[in-house]
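Coordinate analysis (summary)
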Amino acid sequence: MKRQKIRFRFYMILYSLIAIIAVAGLAINIQTIPINENIQKLSGQVKKLRDENQELKLKVLSATRLELVDQMATDQLHMSPPKQVIYIQQKDKPNVFHHAAP
Amino acid sequence: MFSITPRLRGLQLALFFFVGILIFRLIYLQVIQHDFYVNKSQNQVNKVFTIYPNRGEIYDRDGVPLAFSKPVFSAYAIPTQVQNKRLFAQQVSAVTGVSPEHVYRLVNNNGAFIWVKRKLDQSTYDRLVALKLDGLNFVQEDLRVYPQNELLSHVLGFVGIDNQGLGGLEYKFDHVLQGTPGRIMLEGDPRGYRLASGRKTTRDPFDGGNITTTIDTYLQYICQKYLKEGVIENGADGGQIIIMNPKTGDILAMADYPAFDSNNWRESSDTYRKNSNVTDVYEPGSVFKLVTLAGVLEENLVTTHSILSVPQTLMIGGRTIREAHGRSAGETDRRTVGEIIEKSLNVGTSLLAMKLGQKKFYSYITRFGFGNRTGLELPAESRGIINDVKHWSEPDIAMISFGQGVAVTPIQMISAVATIANHGERIKPRIVWQIVHKKDLSVHAVPITSEGQVISAKTAKEVTSVLYDTVRKGTATGAQIPGYSIGGKTGTAQKVRQGGFGYEPGKYIASFIGFFPVNDPEIIILVIVDSPSKSIYGSTVAIPIFRKIAALTIDHLNIYPDEPTANLVM
């Protein structure tokens, strides 16, 4: 009778432990699900932002193309290249150099 | 007492035999064929997907992106899911511009997957999505873009539909730019359904390395702009320009006209897509006289002040060598060696080469790098054409001395004259500055490589002085820029026929090569104009282009003047 009682207690403790471990494991697993989902969501956002960044980079580079800037300067702003460039020497004595620009 | 009858014994033996076969079979399957079946099982439950890496980017020397990738969508169809194939073809065709017959042919089968159109622009993609067609799906891919369009297209090259390099740096460094694909293994059940918990990555992808070139975008732009202008103004077929730093071998600009847009390379002809600066050869004409001059000065056979009697014609091996320009009445035959180059006299240069002799002259030609690739990091570089000295006929030495009967690439020519500008030391040209590998985050810098001292610094200085006089008072006076000492040489040569036999009547290659400041050159510029029709001379065709580019290069690089000017401008 006493042995049966001990055995019963042993199994009770064992089953309880298993149940506690199972519940704890389940709880941890449940906690990781939203974290994983969050990681997935953030990864998606990072990718989207990277893609957007590439698109914007392309727009900036296309808008600042030298050919386009040159065209705007001459056609829209009516600018013209300088006829000559003047260099002023600022050392011992003042001297001026110049060269013709194209 | 139980006794075994022969029948029972027979049954026992049969059972033993049967069990033995089973045991043997189990050992065979589980031990001998273990690996095979493990793999087979894994293949059934594991689905492997390749993750493609991002292709590396290409930059100019200041970090301005010249080539990079952007994500776009490609449309594909699963024919078995398409209900009304005719209607599908019509609707897709109306948006994509692909003919309805072609789309119908694609979807009219029971295949699992077909591409409808790859790398869609944003508006086409939006319109296709709005159609909400059954069986039409989209996948993201990378599109290679060149934001500067035609700028540097011959150097950058282009890529195919799967982003594989097909030309220029894209081809030469495809192994670097491509990167290493990664792999995701998804665990599923034997029926192919993915298990929710079964995802695992077995190998991360590594993006392609980034390449930084030695190119200066601004200089490249002005080269392409003024080359195009010059070619059109002179009614020429095309042209090339290279700007190089003679001290480092850095190629700052490399232009080839006609150009093409790397974004739409399929729309241009094959002949326009090659980089003539490295793939094509031309007869250099008088610019080659510098090699002859360097040789005779280095061998101490003459000085730049030595006087030679230079007749108007010279007979050699049954061939008559003539000057390009006639002489005025009473003009003397006596010329200094310096004057021979300044006035670009063919007969005088032939006499100098004959003093040097065939073998020594040939040795100088090869030491300056002709007949060998320069090793520039671009594909399909030509060696040029220079016959072995053993096969030279008697007049060859005279012809080659002024740049006929020899074919060189523009990169060889500029590299050779850069040797003179760099005090006789030949520096290997480079167009790639550094490569950043993303896999191990290592940086591979391309070093400045010396190819050795070709001529002494003293000889280089003497040749430079002759080139300075050529610009000051010789055939290249148009190249002068007040305030700056410039050395240079013009070249006008007949254009060799396709196939290399004879010359094209009335077709010439006009060129000019110049460097500055003369005492310590920082910049060397080569301008070549192919088949100009209004004028044919280097002095009238190539020099005006050189002058425009040189003036802007001086401003851009803040090169300080080294010569006083007579007229002060306030």
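Residues numbered from 1 in each chain as written. Chains lettered and ligands numbered in written order. Predicted model: local features only at pLDDT ≥ 70, side-chain atom pairs only at ≥ 80, totals over all residues.

**Concerning the overall build of chain A**
Our working rule: Secondary structure counts use DSSP, requiring at least four H or I residues in a row for a helix and at least two E residues in a row for a strand, with both numbered from the N terminus. For the exposure call, what matters is how many other C-beta atoms sit within 10 Å of a residue's own: 20 or more marks it buried, 12 or fewer exposed, and in between partly exposed, using C-beta atoms placed from the backbone.
Along its length, chain A carries two helices and two strands. Within chain A, the proportion of its 102 residues that are buried is 3%.

**Section: the overall build of chain B**
Here is the rule we go by: Note that contacts rest on C-beta atoms placed from the backbone: two residues are in contact if these are within 7 Å.
The number of helices and strands found in chain B is 19 helices and 23 strands. Taking all 570 residues of chain B together, 46% fall into the buried category. When contacts within chain B are restricted to residue pairs at least 6 apart in sequence, those whose partners lie at least 24 apart make up 73%.

**Observations regarding the domain arrangement of chain B**
Residues and elements named next belong to chain B. The line we're drawing: Each domain span listed reflects an automatic or database assignment of domains. Residue polarity is assigned by list, with Asp, Glu, Lys and Arg as charged and Ala, Val, Leu, Ile, Met, Phe, Trp, Tyr, Cys and Pro as nonpolar; anything else, Gly included, falls into the polar class.
Each domain of chain B was delimited in the assignment, giving domain 1 (50-189 + 201-213) and domain 2 (217-557). A C-alpha centroid distance of 43 Å is found between domain 1 and domain 2. Contacts between the two partners involve 28 residues from domain 1 and, on the opposite side, 26 residues from domain 2. Every element with two or more residues in the side of domain 1 that touches domain 2 is listed here: α6 (153-156), α7 (168-172) and β10 (210-213). Broken down by class, the residue content of the side of domain 1 that touches domain 2 amounts to 12 nonpolar, 11 polar and five charged.

**A closer look at the pairing of strand β19 (residues 442-445) of chain B**
Stated precisely, the cut-off is as follows: For two strands to be treated as a pair, DSSP must find no fewer than two bridges joining them.
Here four bridges tie strand β18 (residues 432-437) of chain B to β19 of chain B, and the two strands are oriented antiparallel to one another. Within β19 of chain B, the residue paired with His437 of chain B across the bridge is Ser442 of chain B.

**Concerning helix α1 (residues 2-63) of chain A**
Think of an α-helix as turning once every 3.6 residues; residues three or four places apart then point the same way. What counts is decided by this rule: Working rule for helices: expected span equals 1.5 Å times residues minus one.
Helix length check: α1 of chain A (62 residues) gives 91 Å between terminal C-alpha atoms against 92 Å at 1.5 Å per residue, within 8%. Little of α1 of chain A sits out of view: just zero of its 62 residues are buried.

**Section: helix α3 (residues 85-96) of chain B**
Residue and element names in this part refer to chain B. Selection criterion: Regarding the arc, it is the one traced by the directions from the helix axis to the C-beta atoms.
Given a rise of 1.5 Å per residue, 12 residues ought to cover 16 Å, and the 16 Å separating the end C-alpha atoms of α3 matches this to within 8%. Those residues of α3 lying buried are Phe88, Ala89, Val92 and Val95. Along the axis of α3, the buried residues cluster in a sector spanning 140 degrees; they form a single face. Against α4 (100-107), β4 (114-120) and α5 (122-131) lie the buried residues of α3. Gly97 sits one or two positions beyond α3 and adopts a positive phi of about 85 degrees.

**As for the packing of helix α12 (residues 289-298) of chain B against helix α14 (residues 346-356) of chain B**
All names here are of chain B. For clarity, the threshold we go by: Angular values range over 0 to 180 degrees, each being the angle between N-to-C directions of two axes fitted as lines to C-alpha atoms, with helices fitted over their stretch in contact. Note that the term roughly parallel is reserved for angles under 35 degrees, roughly antiparallel for angles over 145, roughly perpendicular for angles of 65 to 115, and oblique for everything else. Each crossing gets its hand from how the near helix is turned against the far one by less than a right angle, where anticlockwise is left-handed and clockwise is right-handed.
Close contact between α12 and α14 brings their axes to 9 Å; oriented N to C, the two are set at 45 degrees. By the angle class used here, α12 and α14 are oblique. The interaxial crossing formed by α12 with α14 has left-handed handedness. Residues Lys289, Thr292, Leu293, Gly295 and Val296 of α12 touch α14, and the partners they reach there are Thr349, Leu352, Ala353, Lys355 and Leu356. Within the contact of α12 with α14, the residues separate by chemical class into five nonpolar, three polar and two charged.

**Re the sheet that holds strand β12 (residues 251-257) of chain B**
Residues and elements named next belong to chain B. Strand order in the open sheet made by the five strands is β12-β11-β23-β22-β21, with antiparallel pairing throughout. Sheet topology places β12 and β21 (487-496) at the edges, where each strand pairs with a single neighbour. Across this sheet, the average inter-strand angle for adjacent strands is 10 degrees, counted without regard to direction. Here strand β11 (residues 238-244) pairs with β12 via six bridges, running antiparallel. Its bridge partner being in β12, Gly239 is matched across the sheet by Tyr257. Sitting on the sheet, helix α17 (residues 410-421) touches β11, β22 (503-516) and β23 (523-530), and the angle it makes with β23 is about 150 degrees. Contacts from helix α19 (residues 538-557) reach β11, β21, β22 and β23 within the one sheet, and its direction differs from that of β22 by about 30 degrees.

**Looking at the packing of α12 of chain B against helix α15 (residues 358-367) of chain B**
Residue and element names in this part refer to chain B. Relative orientation of the contacting elements α12 and α15 amounts to 120 degrees, with a least axis distance of 10 Å. Of the possible angle classes, the one that applies to α12 and α15 is oblique. Where α12 crosses over α15, the handedness of that crossing is right-handed. Contacts from Val291, Ala294 and Gly295 in α12 reach Lys360, Phe361, Tyr364 and Ile365 in α15. In terms of residue class, the contact of α12 with α15 is built from five nonpolar, one polar and one charged.

**With respect to the pairing of β22 of chain B**
All names here are of chain B. When β21 meets β22, the two strands line up antiparallel, connected through nine bridges. Along β22, the bridge assignment pairs Gly491 with Ser511. Between the end of β21 and the start of β22, which pair antiparallel, lie six residues, with Gly499 showing a positive phi angle near 100 degrees. The sheet contact formed by β22 and β23 spans eight bridges and is antiparallel. Residue pairing for β23: Phe516 is matched across the bridge by Ile523. Following β22, the chain reverses through six residues before pairing antiparallel with β23.

**Concerning unusual backbone geometry**
With glycine set apart, most residues show a phi of negative sign, and most peptide bonds adopt trans. Residues and elements named next belong to chain B. Along the chain, Tyr257 connects to Pro258 via a cis peptide bond; the corresponding omega equals 5 degrees. Along the chain, Pro258 turns up in the loop between β12 and α10 (270-273). The omega angle of the peptide bond from Phe516 to Pro517 is -20 degrees, so this bond is cis rather than trans. Locating Pro517 in the fold gives a position in the loop between β22 and β23. Despite not being glycine, Leu441 shows a phi value in the positive range, around 55 degrees. Looking at where Leu441 falls in the secondary structure, it is placed in the loop between β18 and β19. We classify Leu441 as exposed; it has 8 C-beta atoms within 10 Å.

**Concerning the confidence of the model for chain A**
Going by this rule: pLDDT expresses how confident the predictor is about each individual residue, on a scale running from 0 to 100.
Residues of chain A with pLDDT of at least 70 account for 80%, and the chain-wide mean is 83. Here strand β2 (residues 95-100) of chain A stands out as the element of chain A with the lowest mean pLDDT, 58, in contrast to helix α2 (residues 66-76) of chain A, whose mean of 91 is the highest.

**Considering the environment of Ile321 of chain B**
All names here are of chain B. Of note, Ile321 is situated in strand β15 (residues 319-322). What makes Ile321 buried here is the crowd of 21 C-beta atoms within 10 Å. When the C-alpha atoms of Ile321 and Ala398 are compared, they prove to be 7.8 Å apart, with 77 residues separating the residues in sequence. Residues in contact with Ile321, not counting those within four places in the same chain, are Thr313, Leu314, Ile316, Asn346, Val347, Ser350 and Ala398.

**Some words on the confidence of the model for chain B**
Of all residues in chain B, 95% have pLDDT values of 70 or greater, and the mean over the chain is 91. Contacts of residues 566-570 of chain B to residues separated by more than four positions or lying in other chains number six contacts, the stretch itself having pLDDT below 50.

**As for the environment of Asn53 of chain A**
Checked against the element boundaries, Asn53 of chain A lands in helix α1. Between the C-alpha atom of Asn53 of chain A and that of Ile20 of chain A, which follows or precedes it by 33 residues, the distance is 49 Å.

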